[in-house]
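The residues making up each chain are set out below.
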Amino acid sequence: MRTRIRRLLSVLPYFLIPGISAVTPLLVIPALTSSYGADGWASIAVAQSVGTSAAIVAELGWSVVGPQRVAGASPGERTHLYQSSLATKLSSLAIISPLSFIFSAMLVQEHKLAAGLTGLAFSFIALSPSWFLIGCNRPFAVLGVEGLPRMILSAVAAILIFGGGALELYGLAMVLSSVLTMFLAAVLLHERVWPKWAAFRAGPRQIKEHLPLTGGRIVSVIYTSLPIALVSAVSPNSVATFAAVERLMRMALSVLGGVPSRLQSWVGVARGHNLLARSRKSLFYNLLLGLVSAIGFAALAPIVAPFIFSNAVEIPLEISSLSACVLFIVCVSRGYGLSMVAEGRANWIAAANICAAIVGVTCTLSLAAAWGVRGAIVGELLAEVTGLATQAVILHYGHRWLRKGKHEAASSRSIADPAQRRTRNSEAQQLDL
């Protein structure tokens, strides 16, 4: 009993950290909507969508495979991992961040400069060291170097905007928070703020190793982080409401991310049969978490929306219930993603992402154009279900295909041997008799 209580308490910091990250936007959104209305909120929401997508690509998959690598690494290996990740991320951001600024400004009708700065700022989230600290089992360090600086700067931006300040202040505050986090993480970990040139030279090789996973993440952003931008292209009048329920759902998922984050190190340090057992237990934990959370989200989102969005946007129960279904599927999918990494099938996540993206883009664009907010959420749901189903098939049945393929290859080699072929023919004749 005491062991279970200790395990439960060990998870609490992993809820606290993403919880603070989720609460931080709540400091800004009321100021945005009260000062700039639904149009201002829609512009910032589209930019956040583009910037977050850029960050996922520029992050190069380190948050997926990194924590489990760090958990089992020596101090010297951890230093190498941190410097390699920082160098590769900075290299990718040199290309991706300007594009995030441009596309964010192009996709909105109003507040183009504010949207561009916000898209640029959110792309810098790729530099987050949280994956490394989680792998080191130091969740409170994430709070010190990332959570609190972002919260403080967001609060300052909210106060200034509420007092009549420019909407661009939000983007500038988020840029500053990423730079500050990068510096504080280097001080805490006793690492260089800027990697050595050797780390940059080795970057292309490291990026090549991550290419299969990065390719899958590039595809995944289309149906996980870009839906708001997609909806803005086909149904501009739906953006404010869709972005509102989408933002609340992503906030909830950010908090719930504490469970898979804690399970990363718990599963990553296991070996052999214990690794498989923990991997499969994590599936059940994420499924149960998703079920309870989806019910709570469906009921609470319509209640809190008027307070968060200053009565500028409303979320009906029907909309929150549809979004809750997406939340449930994402939680279960996170569990499958963790298990696929643990069981050596991380590169196959790309296959699930490709399937989900194909369904997500086609369904979100077509259904949003026809049914507005409801159609956009149904498109998201179909994408997530497709991705989950693909992961489940690969995880539960992929090993059978691999064994079958190896057996058939071995049989082909054996039959190709003339002596063995004559022996097999002789045995077959005897059986016929």
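Model, not experiment: these values are computed from the prediction.

Criteria and thresholds
- Residues numbered from 1 in each chain as written.
- Predicted model: local features only at pLDDT ≥ 70, side-chain atom pairs only at ≥ 80, totals over all residues.
- Heavy atoms only, no water.
- Helix = DSSP H or I, 4+ residues; strand = E, 2+ residues; numbered from the N terminus.
- Buried < 20%, exposed > 50% of the residue type's maximum accessible area, 1.4 Å probe, protein only.
- Contact = heavy atoms within 4.5 Å.
- Areas by Shrake-Rupley, 256 points an atom, 1.4 Å probe, with all protein chains shown as cover.
- pLDDT = per-residue confidence, 0-100.
- Salt bridge = Lys/Arg side-chain N within 4 Å of Asp/Glu carboxyl O.
- Core = buried A, V, L, I, M, F, W, Y, C linked by side-chain atoms within 4.5 Å.
- Phe/Tyr/Trp six-rings, centres within 6.5 Å; stacked < 30°, edge-to-face > 60°.
- Axes fitted to C-alpha atoms, helices over the stretch in contact; angles between N-to-C directions.
- Parallel < 35°, antiparallel > 145°, perpendicular 65-115°, else oblique.
- Nonpolar A, V, L, I, M, F, W, Y, C, P; charged D, E, K, R; others polar.
- Expected span 1.5 Å × (residues − 1).
- Patch = residues over 30% accessible without salt bridge, like charges linked within 9 Å, V, L, I, M, F, W, Y side chains within 5 Å.
- Lys, Arg positive; Asp, Glu negative; His and termini not counted.

A. Representation of the overall build of the protein. If you tally the helices and strands in the protein, you get 18 helices and zero strands. Counting over 433 residues, the protein shows a buried share of 53%. Here the analysis covers contacts within the protein between residues at least 6 apart in sequence; of these, 80% occur between residues at least 24 apart. Only carbon and sulfur atoms are counted for the fraction: they give 68% of the accessible area of the protein, which is about 20000 Å².

B. Layout of the confidence of the model for the protein. For the protein, per-residue confidence averages 80 on the pLDDT scale, and residues scoring 70 or more make up 82% of the total. When pLDDT is averaged over each element of the protein, helix H4 (residues 112-123) comes out on top at 94 and helix H18 (residues 418-432) at the bottom at 36. Overall, residues 405-433 carries pLDDT values under 50, and its contacts beyond four positions in sequence, including any with other chains, amount to five contacts.

C. Just the pattern of salt bridges, in detail. Evaluation of the coordinates by the stated rule reveals four salt bridges. Ionic pairing is found between Glu146 and Arg150, a salt bridge with its closest N-O pair at 3.7 Å. Here the residue Glu146 and the residue Arg150 both occupy positions in helix H6 (residues 139-162), the gap between them amounting to four residues, near one helical turn. By relative accessible area, Arg150 is classed as buried at 17%.

D. Structural view of the nonpolar core. Within the largest apolar cluster, 59 residues are counted, with the highest numbers of intra-cluster contacts made by Trp41, Leu248, Phe297, Phe309 and Leu327. For this core, the element with the most residues is helix H15 (residues 317-342), which contributes twelve residues. Beyond its immediate stretch of four places on either side in the chain, Leu248 contacts Phe297, Ala301, Val304, Ile308, Phe309 and Ile315. Residues Ala73, Ala126, Leu127 and Cys136 belong to the second largest nonpolar core, which totals 49 residues.

E. Looking closely at the packing of aromatic side chains. Taken as a whole and assessed by the stated rule, the structure comprises seven aromatic pairs. Arranged with centres 5.3 Å apart and planes meeting at 55°, the rings of Trp41 and Phe309 form a pair that is tilted. Of this pair, Trp41 sits in helix H1 (residues 2-58) while Phe309 sits in the loop between helix H14 (272-308) and H15, and the two are 268 residues apart along the sequence. Taken together, a centroid distance of 5.9 Å and an interplanar angle of 35° make the contact between Trp194 and Phe200 tilted. An aromatic cluster is built from Tyr82, Trp131 and Phe132, whose rings are joined through pairwise contacts.

F. The arrangement of the packing of helix H11 (residues 227-234) against helix H12 (residues 239-256) in detail. Remark: H11 packs on H12, axes separated minimally by 10 Å, with the N-to-C direction vectors making an angle of 170°. On the basis of their axis angle, the class for H11 and H12 is roughly antiparallel. Side by side, H11 and H12 meet where Pro227, Ile228, Val231 and Ser232 of the first sit next to Val239, Phe242, Ala243 and Glu246 of the second. Residues belonging to the contact of H11 with H12 are distributed by class as follows: six nonpolar, one polar and one charged.

G. Just unusual backbone geometry, in detail. The phi dihedral of His111 falls on the positive side, at around 55°, and the residue is not glycine. Take His111: it is sitting in the loop between helix H3 (75-107) and H4. Here His111 falls in the partly exposed class, since its relative accessible area comes to 27%. In the Ramachandran plot, His190 falls in the positive-phi region, its phi being about 60° despite a non-glycine side chain. Relative to the assigned elements, His190 resides in the loop between helix H7 (168-189) and helix H8 (197-201).

H. Local environment of the environment of Ala157. Residue position: Ala157 is located in helix H6. Overall, Ala157 belongs to the buried group, its relative accessible area being 2%. Residues Ala157 and Val28, 129 residues apart in the sequence, show an inter-C-alpha distance of 7.3 Å.

I. Broad picture of H11. Within H11, six of the eight residues are buried, leaving the element largely enclosed by the surrounding structure. Inspection of H11 places Pro227, Ile228, Ala229, Leu230, Val231 and Ser232 among the buried residues, and these make up the whole buried set.

J. Representation of H6 in the model. Over its 24 residues, H6 extends 32 Å from the first C-alpha to the last, a length consistent with the 34 Å expected when each residue adds 1.5 Å. Looking one or two residues past H6, Gly164 carries a phi angle of roughly 110°, positive in sign.

K. Spotlight on the side chain of Ser333. Looking at the secondary structure, you find Ser333 in helix H15. In contact with Ser333, not counting residues within four places along its chain, are Leu388 and Gln391.

L. Representation of a nonpolar patch on the surface. Judged by side-chain polarity, Ile95, Leu99, Ile102, Phe103, Met106 and Leu107 come together as a nonpolar surface patch covering roughly 570 Å² of accessible area. Summarising the element assignment, Ile95 is placed in helix H3. Under the relative-accessibility criterion, Ile95 is labelled exposed at 58%.

M. View of the environment of Leu32. Here Leu32 shows up in helix H1. Note: C-alpha distance between Leu32 and Ile44 (twelve residues apart in sequence) is 8.7 Å. Excluding anything up to four places from it in sequence, Leu32 contacts Gly37, Ile44, Ile161 and Leu167.

N. Structural context of the side chain of Arg247. Looking at the element boundaries, Arg247 is found in helix H12. The buried charged residue Arg247 lacks any salt bridge partner; its closest oppositely charged side chain belongs to Glu246, at an N-O distance of 7.7 Å. Residues within four places of Arg247 in sequence aside, it is in contact with Ile29, Trp41 and Gln48.

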